[in-house]
Amino acid sequence: MTYLLAIDQGTSSSRSILFDSRGQVVELAQQEFPQIYPKAGWVEHDPQVIWDSQMATFTDVMTKSGVHPRDIAALVSPTSARPPSCGTAVMAASSTTPSCGKTDAPSLPARNCA
């Protein structure tokens, strides 16, 4: 049997959902992560925490389901219903090395994402 794995990145949690070829949910895992509020109306997230939570939900779904990764026919990440300016972006210090840590990069006010 083949499967579809959906990974969803929400504002306050990461989620992985494994579907069978009939579209039925086989397994689901969700993990919340901390919100950082540098000032009123703003929210930030630690990119390493997001990555770790995504990997944890993926590992949980695969372990609990017993499905082998070779049986996953597709990986999908649903798009957000929010305006395009509210996507998740991680800024790197160089073009070849991803940055996963706290930086002094500016953040967008949460009100822009309503």
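Residues numbered from 1 in each chain as written. Predicted model: local features only at pLDDT ≥ 70, side-chain atom pairs only at ≥ 80, totals over all residues. Heavy atoms only, no water.

Caption draft 1: Region of the structure containing the sheet that holds strand S4 (residues 72–76). The strand order across the open sheet formed by four strands is S3-S2-S1-S4, and the pairing between neighbours is mixed. The two strands at the open ends of the sheet, each matched to only one other strand, are strand S3 (25–32) and S4. Put simply, the sheet's adjacent strands are angled 15° from each other on average, direction ignored. Alignment of strand S1 (residues 3–9) against strand S2 (residues 13–20), held across seven bridges, turns out to be antiparallel. In the sheet register, tyrosine 3 faces S2, and the bridge partner there is aspartate 20. This element, helix H1 (residues 47–65), spans S1, S2, S3 and S4 of the sheet and lies at about 150° to S3. (Pairing = 2+ DSSP bridges. Helix = DSSP H or I, 4+ residues; strand = E, 2+ residues; numbered from the N terminus. Axes fitted to C-alpha atoms, helices over the stretch in contact; angles between N-to-C directions. Contact = heavy atoms within 4.5 Å.)

Caption draft 2: Local environment of the nonpolar core. The biggest cluster of nonpolar side chains holds seven residues, and these are Tyr3, Leu5, Leu18, Ala29, Val61, Met62 and Val67. Going through the elements one at a time, S1 and H1 are the ones with two or more residues in this core. When neighbours within four sequence positions are excluded, alanine 29 is seen to be in contact with Ser14, Arg15, Ser16, Thr57, Asp60 and Val61. (Core = buried A, V, L, I, M, F, W, Y, C linked by side-chain atoms within 4.5 Å. Buried < 20%, exposed > 50% of the residue type's maximum accessible area, 1.4 Å probe, protein only.)

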